[in-house]
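Commentary on secondary and tertiary structure
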Amino acid sequence: MEGDLYDTSKLIEMYKKGGAVHGYTTILNLIEFPKAINLNLTIIFPSKFDYNLALKISTELLRRGNPIPATDLIIAAVALNDGLRLVTKDKHFLLVKEVENDFKVLVD
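Residues numbered from 1 in each chain as written. Predicted model: local features only at pLDDT ≥ 70, side-chain atom pairs only at ≥ 80, totals over all residues. Heavy atoms only, no water.

**Some words on the environment of Asp50**
Along the chain, Asp50 falls in helix H3 (residues 48-63). With relative accessibility at 3%, the residue Asp50 sits in the buried group. It is 9.2 Å that separates the C-alpha atoms of Asp50 and Asp82, two residues lying 32 residues apart in sequence. Here Asp50 is in contact with Phe45, Ala77, Val78 and Asn81, once residues within four sequence places are set aside. (Helix = DSSP H or I, 4+ residues; strand = E, 2+ residues; numbered from the N terminus. Buried < 20%, exposed > 50% of the residue type's maximum accessible area, 1.4 Å probe, protein only. Contact = heavy atoms within 4.5 Å.)

**What to know about the packing of H3 against helix H4 (residues 70-82)**
The N-to-C vectors of H3 and H4 enclose an angle of 120°; their axes lie 8 Å apart at closest approach. In this view, H3 runs oblique relative to H4, as classed from their interaxial angle. For the element pair H3 and H4, the recorded crossing hand is right-handed. In this structure, H3 contributes Phe49, Asp50, Tyr51, Leu53, Ala54, Ile57, Ser58 and Leu61 to the contact, and H4 contributes Leu73, Ile74, Ala77, Val78, Leu80 and Asn81. Across the contact of H3 with H4, the residue classes break down as eleven nonpolar, two polar and one charged. (Axes fitted to C-alpha atoms, helices over the stretch in contact; angles between N-to-C directions. Parallel < 35°, antiparallel > 145°, perpendicular 65-115°, else oblique. Left-handed = near helix turned anticlockwise from the far one by under 90°. Nonpolar A, V, L, I, M, F, W, Y, C, P; charged D, E, K, R; others polar.)

**Observations regarding the pairing of strand E4 (residues 85-88)**
Relative to E4, strand E1 (residues 4-6) is paired through three bridges, and the arrangement is parallel. Counterpart to Leu5 in the pairing with E4 is Leu86. One ladder, built from four bridges, connects E4 with strand E5 (residues 104-107); its direction is parallel. In the strand pairing of E5, Arg85 is matched with Lys104. Crossover connection from E4 via helix H5 (residues 94-99) to parallel E5: handedness right-handed. (Pairing = 2+ DSSP bridges. Right-handed = clockwise from strand over helix to strand, strands pointing away.)

**Thoughts on the pattern of salt bridges**
All told, the structure shown has seven salt bridges when counted by the stated rule. Taking the shortest distance from any N to any O, the salt bridge between Asp108 and Lys10 comes out at 2.9 Å. With Asp108 in the segment after E5 and Lys10 in helix H1 (residues 8-17), this pair connects stretches of sequence that are 98 residues apart. Exposure remark for Lys10: the relative accessible area of 5% places this residue in the buried category. (Salt bridge = Lys/Arg side-chain N within 4 Å of Asp/Glu carboxyl O.)

Written as C-alpha cells, this is what we have:
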C-alpha cells in the first residue's frame, strides 16, 4: 500500500475544514471520532501482525522510559505494516521513529 494514514487529531481538523480527503484511517480512529466516517477514507482494521508489532514497539519504548498510548501504538503498527505515512498532530509519534527507522510520520 502507499499513501497517508490519518490519525484522529488530523481527522478532526479535516472534518472541521470540510472538502475532499484521500487516504486511509483505522477503525480505532473512527471509534475515537465517528464523524470522520463522512470523510470517505478507506478504513483499515488492525491484524494480528499489527498487534504483534505494536507490542514490540511498546516494549522497546517502555524500556527506554517513553511509553505512548496503546491505541497509538496499534495505529503506528498499521502504518508500518502497510507502508503508509502517518499524518498526525501528536508529537509523541516521533518516539516510534526512534525505534522503527522505516516508520514514516508527518507531524503537522
